[in-house]
Amino acid sequence: TTGILCDSTKGKFGPFAGQLFVGEFAMSAINRVFLEKVGGQYQGACFPFLGGFDCAVLQMTWLPDGSMIVGETNRGWNSLGTRSYGLQKVRWNGKPSFEILKMEALSDGFRFTFTQPLQKASATAASLEASSYTYLYHSKYGSPEVETQPVKISQASLSVDATALTVKCDNLRAGYVHEFHLPGVRSAAGQPLAHKEAYYTLNRIP
């Protein structure tokens, strides 16, 4: 994790107002973070957003027109890309993208809200795969995922406007990352999600 930038563009950069964009070093990418308060503490979900930068993303800032300037350098470390440093600009083309807009924790599962209405036939528990895990916190650098187990998705229900999918999970675990993949979800127009992964760090169950 490198720079963190809040979307203060008021819609000039898409439908993500108030969310965070977070730089990622090794993969030369930007992730997107949705936060909410549960029990007086912030927690939330992380989603892939954009990759393919020339090298490691270090800092980001906004221009007045709502475009993002991305400062990059690998500082001699390893990162994807073909250059050692660079400046690149990211601009929203105004076209709607089918994404998970936000992921909210519930007492018995999660609510996914999307940027476009869903195809009703795809809004089922069978369209989702999930697991939960944690990491070892110690002085040694890094950790594999530990204590991994499948998340049992027992039910999925679609909102009246078809933009929110509520998923009931039988084995939520406080203090664990809950990783979801949504390969079967489609928009009403039949499009797959631009990014099918979501990672919610469930510090507290509502």
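In the block above lies the structure referred to throughout.
In this report, the structure presented in the accompanying data block is examined. (Residues numbered from 1 in each chain as written. Predicted model: local features only at pLDDT ≥ 70, side-chain atom pairs only at ≥ 80, totals over all residues. Heavy atoms only, no water.)

### Observations concerning the nonpolar core
In this structure, M103, F110, F112, F114, F180 and L182 are the most contacted members of the largest nonpolar core, which totals 28 residues. If you list the elements that add at least two residues to this core, you get β3 (29-38), β4 (41-50), β8 (100-106), β9 (109-114), β13 (164-169) and β15 (197-202). Residues within four places of M103 in sequence aside, it is in contact with F34, E36, A45, F47, F110, R111, F112, H178, F180, A198 and Y200. With 14 residues, the next largest nonpolar core counts F16, M60, W62 and M68 among its residues. (Core = buried A, V, L, I, M, F, W, Y, C linked by side-chain atoms within 4.5 Å. Buried < 20%, exposed > 50% of the residue type's maximum accessible area, 1.4 Å probe, protein only. Helix = DSSP H or I, 4+ residues; strand = E, 2+ residues; numbered from the N terminus. Contact = heavy atoms within 4.5 Å.)

### Observations regarding the sheet that holds β3
Spatial strand order, β1-β2-β3-β4-β15-β14-β10-β11: eight strands in an open sheet with antiparallel pairing. Of all the strands in the sheet, just β1 (4-6) and β11 (145-150) have a single pairing partner and so form its edges. Averaged over neighbouring strand pairs, the angle between their axes works out to 25 degrees when direction is ignored. Pairing between β1 and strand β2 (residues 20-24): three bridges, direction antiparallel. Paired with L5 across the two strands is F21, which belongs to β2. (Pairing = 2+ DSSP bridges. Axes fitted to C-alpha atoms, helices over the stretch in contact; angles between N-to-C directions.)

### Considering the pairing of β4
Across nine bridges, β3 lies against β4 in antiparallel orientation. Note on β4: the bridge partner recorded for V33 is C46. With antiparallel pairing between neighbouring strands as the criterion, β3 and β4 make up a hairpin whose turn holds two residues, including G39 at a positive phi of roughly 60 degrees. Examined bridge by bridge, β4 and β15 share three bridges and lie antiparallel to one another. Looking across to β15, one finds that C46 is bridged to Y199.

All we've got here are geometric facts, nothing functional implied.
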